[in-house]
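Fold and contact review
Next come the chains, spelled out residue by residue.
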Amino acid sequence: MENEVAAPLAVTLENVEQAARNLKGVIYKTPLLQNHGLSRTYDATVLLKREDLQVVRSYKIRGAYHKMLTLPPISGEREIVCASAGNHAQGVAYACQMLGLKGYIFMPAQTPAQKVDKVRLFGKEYVEVVLTGASFDDSFRSAREFCDERGSTFIHPFDDLAIVEGQATVGLEILKAATVPIDYCFMPIGGGGLASGVASVFRQLSPTTKLIGVQPLGAPSMYSAIRGNQHAALASIDSFVDGAAVKCPGQLTYEICRELLDEVVLVPEGQICQDLLKMYNEEGIVLEPAGTLTISALHQFREQIKGKTVVCVVSGSNNDITRMEDIKERAMQHQGLKHYFMVTFNQAPGALRRFVNNVLHEGDDIIQFQYIKKNNKEKGPVFIGVEVKQPHDVEGIKVRMAEEGFAFEYLNGKQDFLALLV
């Protein structure tokens with residue numbers, strides 16, 4: 001085809017169409033639905049590509065099944081191996097069941113039971129879950145070693161052309177379902193498989209669409225690689241948005257995203273939590289943090305998208321309900337409604353009463369208070385959490401603490417430290 005992307009960006013329309021045929025009867029053609037709440041908020045036509053409604057509740061089944069179906073024949077029984085903290089594991093497990101292949105799914109030892117149970121449910125008797133390592137990277141290394149020892153077939157979560165072609169079917173479905181030209185398409189990025197595939201299809205069929213990749217602020221691997229013009233791993237990341245928490249994008253996906261995306265933007269984790277709760281409370285849509293990334297990116301594009309037709313790829317809904325308290329906590333901190341301090345109290349009668357009476361105002365509520373009296377000290381640290389009615393109320397609290405002689409350290413933003421206390 002004349003308008004196909006040149007090598008090494010070799011995601012051709014012919015191959016994506018073949019992937020779509022391979023996936024027929026295996027996946028759902030998920031709907032492209034206008035969200036009226038978001039459309040009103042941004043004065044735009046906001047369409048959600050609802051991959052949260054996919055058969056394994058994320059798009060990952062597309063790439064996994066297409067890759068496994070197109071593997072070359074071998075003599076003897078083929079074993080499948082993958083490493084994943086969640087959605088890719090479920091996609092590979094379901095593909096193993098559908099294709100009758102034995103699979104070994106390596107997951108971090110601390111993976112929530114809900115996710116492990118889902119992998120076993122989708123894989124049935126064809127899949128064995130191996131819990132090992134403290135992180136995804138540990139599990140990944142163990143999986144590759146296991147694969148090399150046994151001569152098994154490793155299914156990479158994103159850095160594989162067949163995987164990218166499978167994920168590209170999301171873009172094909174969007175453009176076939178759209179009734180008007182699409183001005184903006186927002187895609188979440190972890191390792192880059194989805195964004196690479198969708199961007200490749202759009203560049204060939206809708207070249208004027210602005211293509212925006214979205215990553216969490218704490219895991220900016222593709223963002224950093226493109227800005228630094230270098231494919232490299234980050235030293236560390238915040239794994240809160242676990243579906244997009246990747247230290248290093250794929251080599252293939254980096255090349256494609258660097259060439260085809262108009263922009264990659266970062267979204268604070270607190271904003272993601274706020275929007276996740278809003279979508280649940282106001283729209284009845286259950287999303288995982290990674291599935292909320294593209295919706296959260298709209299805040300940054302409020303002026304650009306006004307009056308435009310916008311697509312947000314909603315990538316998944318595998319959210320563990322036990323995380324909801326942490327999600328609420330991060331959302332309220334982001335909104336400026338919860339604040340934490342380490343305050344130095346004089347170990348004398350009446351110090352707490354003076355704090356409550358003179359520092360806090362009506363509507364300020366103490367939600368956390370930890371204090372251990374030390375008999376050999378004149379002063380002692382107190383960990384205090386305060387919930388306020390309006391974000392600017394915290395500035396008054398800081399001023400009044402200083403006026404009353406309370407030395408303090410403001411802890412919001414020190415997430416690692418707060419995680420030990422809250």
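Higher on the page you've got the structure.
The notes below deal with the structure included here.

Conventions used here
Residues numbered from 1 in each chain as written. Predicted model: local features only at pLDDT ≥ 70, side-chain atom pairs only at ≥ 80, totals over all residues. Heavy atoms only, no water. Axes fitted to C-alpha atoms, helices over the stretch in contact; angles between N-to-C directions. Helix = DSSP H or I, 4+ residues; strand = E, 2+ residues; numbered from the N terminus. Parallel < 35°, antiparallel > 145°, perpendicular 65-115°, else oblique. Left-handed = near helix turned anticlockwise from the far one by under 90°. Contact = heavy atoms within 4.5 Å. Nonpolar A, V, L, I, M, F, W, Y, C, P; charged D, E, K, R; others polar. 1 Å grid on protein atoms, 1.4 Å probe; cavity = no way out; pocket = protein on both sides within 12 Å on 5 of 7 lines; lining within 4 Å. Points joined across faces, edges and corners; volume = space filled by probe spheres on them. Patch = residues over 30% accessible without salt bridge, like charges linked within 9 Å, V, L, I, M, F, W, Y side chains within 5 Å. Areas by Shrake-Rupley, 256 points an atom, 1.4 Å probe, with all protein chains shown as cover. Salt bridge = Lys/Arg side-chain N within 4 Å of Asp/Glu carboxyl O. Buried < 20%, exposed > 50% of the residue type's maximum accessible area, 1.4 Å probe, protein only. Core = buried A, V, L, I, M, F, W, Y, C linked by side-chain atoms within 4.5 Å. Pairing = 2+ DSSP bridges.

It is worth spelling out the packing of helix H11 (residues 269-283) against helix H13 (residues 324-335) at this point. The description of two helices packed together rests on the angle between their axes and the distance between the axes. In the contact formed by H11 and H13, the axes pass within 7 Å of each other and the chain directions differ by 115°. The pairing of H11 with H13 is recorded here as roughly perpendicular in orientation. Along this stretch, H11 crosses H13, giving a crossing that reads as left-handed. Between H11 and H13, the residues in contact are Glu269, Gly270, Gln271, Cys273, Gln274, Leu276 and Leu277 and Met324, Ile327, Lys328, Arg330, Ala331, His334 and Gln335, respectively. Classifying every residue of the contact of H11 with H13 by side-chain character gives six nonpolar, five polar and three charged.

Our next topic: the layout of surface pockets. Considered as a void within the structure, the second largest pocket measures approximately 300 Å³ in volume. Lining the second largest pocket are 18 residues, and of these Ala20, Lys29, Leu172, Glu173 and Lys176 sit closest to its centre. Here the lining of the second largest pocket takes five residues from helix H7 (residues 161-177), the largest share from any one element. Taken together, the residues that form the lining of the second largest pocket break down as seven nonpolar, three polar and eight charged.

Nonpolar side chains collect at one region of the surface, where Leu352, Val356, Phe369 and Tyr371 lie side by side and expose about 310 Å² of accessible area between them. Taken together, the elements giving at least two residues each to the nonpolar patch come down to helix H14 (351-359) and strand E12 (365-371). Mapping Tyr371 onto the fold places it in strand E12. Note on Tyr371: relative accessible area 33%, which makes it partly exposed.

For the rest of this paragraph, the subject is the nonpolar core. Ranked by size, the top nonpolar core spans 34 residues in total, and within it Leu48, Phe186, Leu298 and Ile305 carry the most contacts. In terms of residue count, H11 provides more of this core than any other element does, five residues in total. The contacts of Leu48, once residues within four sequence positions are left out, are Pro31, Leu32, Leu33, Asn35, Leu38, Met279, Ile285, Ile295, Cys312 and Val314. With 32 residues, the next largest nonpolar core counts Leu32, Ile189, Leu194 and Tyr254 among its residues.

For the rest of this paragraph, the subject is the sheet that holds strand E11 (residues 338-346). Taken in spatial order, the four strands line up as E12-E13-E11-E14 in an open sheet, and their pairing is antiparallel. The strands lining the two open edges of the sheet, one partner per strand, are E12 and strand E14 (408-410). Going across the sheet, the axis of each strand differs from the next one's by a mean of 20°, ignoring polarity. Sheet topology note: the E11/strand E13 (residues 379-387) ladder contains nine bridges and is antiparallel. Of the residues in E13, the one forming a bridge with Thr344 is Pro381. The sheet contacts of H13 involve E11 and E13, and relative to E11 the element is tilted by about 80°. Contacting E11, E13 and E14, helix H15 (residues 393-403) crosses the sheet at an angle of about 5° to E11.

Moving on to the pattern of salt bridges. Considering all chains together, one arrives at 22 salt bridges under this definition. A salt bridge links Lys49 to Glu173, with the shortest nitrogen-to-oxygen separation between them at 2.7 Å. Residue Lys49 is found in strand E2 (residues 45-50), and its partner Glu173 is found in helix H7; the two are separated by 124 residues along the sequence. Note that Asp242 is salt-bridged to Lys115, the shortest N-O span being 2.3 Å. Placement of the pair is Asp242 in the loop between helix H9 (221-228) and helix H10 (251-260) and Lys115 in helix H5 (residues 113-123), with a sequence separation of 127 residues. On the basis of relative accessible area, Asp242 is assigned to the partly exposed category, the value being 26%. Judged by relative accessible area, Lys115 falls into the buried class, the value being 8%.

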